[in-house]
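# Notes for the structure review
Residue strings, one per chain:
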Amino acid sequence: MNDVVRLLLMLALAGTAVTFAGSFAIWFFDEDRRIGRALKRVLKGEPEAMLVARGRGRGVGVNFATGLAAVAWDAGAWCLVYRIDELMGAELIIDDQVVARAHREEPRRALDQRVSHAARVTLRLIFDDPQHPDFELDLWLTGDESRRVAASPGAAVLEANRWLARAEAILRRPRALNPSAAAAAAVTAPLPPPAAPGPTPPPTPQAELPLPQPRAGAEPPPWEDDDDLDPDDDQR
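Description of the structure in this document. Just so we're clear, the structure is a prediction, and the values are computed from it rather than from any experiment.

Rules used throughout
- Residues numbered from 1 in each chain as written.
- Predicted model: local features only at pLDDT ≥ 70, side-chain atom pairs only at ≥ 80, totals over all residues.
- Heavy atoms only, no water.
- Helix = DSSP H or I, 4+ residues; strand = E, 2+ residues; numbered from the N terminus.
- Expected span 1.5 Å × (residues − 1).
- Buried < 20%, exposed > 50% of the residue type's maximum accessible area, 1.4 Å probe, protein only.
- Contact = heavy atoms within 4.5 Å.
- Salt bridge = Lys/Arg side-chain N within 4 Å of Asp/Glu carboxyl O.

### Thoughts on helix H3 (residues 153-171)
With 19 residues, H3 extends 27 Å from end C-alpha to end C-alpha; this agrees with the ideal 27 Å at 1.5 Å per step. Among the residues making up H3, those that are buried are Pro153, Gly154, Ala156, Val157, Ala160, Trp163, Leu164, Ala167, Ile170 and Leu171. Those residues of H3 that are buried lie in contact with strand E1 (49-53), strand E2 (58-63), strand E5 (87-94), strand E6 (97-103), strand E7 (120-127) and strand E8 (134-141).

### Digging into the environment of Leu68
The topology assignment puts Leu68 in strand E3 (residues 68-73). Judged by relative accessible area, which is 15%, Leu68 ranks as buried. Through-space distance from the C-alpha of Leu68 to that of Ile84 is 5.1 Å; in sequence the pair is 16 residues apart. Residues within four places of Leu68 in sequence aside, it is in contact with Val42, Leu43, Gly61, Val62, Asn63, Val81, Tyr82, Arg83 and Ile84.

### Focus: the pattern of salt bridges
Enumeration according to the criterion identifies 15 salt bridges in this entry. Where Arg56 meets Asp144, a salt bridge forms, and the shortest distance between an N and an O atom there is 3.0 Å. Highlighted residues: Arg56 in the loop between E1 and E2 and Asp144 in the loop between E8 and H3, separated in sequence by 88 residues. What makes Arg56 partly exposed here is its relative accessible area of 25%. For Asp144, a relative accessible area of 6% corresponds to the buried category. The partner of Glu106 in a salt bridge is Arg101, and the shortest N-O contact between them spans 3.7 Å.

Laid out in structure tokens, this is it:
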């Protein structure tokens, strides 16, 4: 009887350990957490704003403290890092039509309609990079309603619209010069004019040195005038 109870306890403990390990693996390898860890690594800090396209393995994050923005593919296996000032614009695309956008040096085109039904909702980010000029996040696709954790087209549009407002706030910031442009500006900057020469100060008068005094007990110099001699000595 004791052996049976011991066996049941061991089976219960093993089942609990396996369940805990499986739950931890599901939590640790969750798509959002994997992308969040990858963005935190490349952004050199916790992303202050992050958006994940669930089921597509894509995400975007921004860290304003470090001045970096990053996009991720394949659930964080590959990331690309930009400076925040390299963001040139953002677009909200619904069923292959741009319904709202924010672009540098252009007025914002705000969303002027409510959307409750759509086959595809996409947020497109545009960067100043010739190799990777844009990045698309499909926030809603037909068939997402059958997933266990799914939003709705309206919620996807609202989230994309919030990121449009965030992108507009970033675009209003003055764009910093890149290092090469800053160096060129420093080289071509005119030199300041030379300072005008001031009046020449008058020469400082030098103090007259005192004449040397004869030392006590010293003999008179041999070049004394003969007139100073005693006349009595000449008579003698």
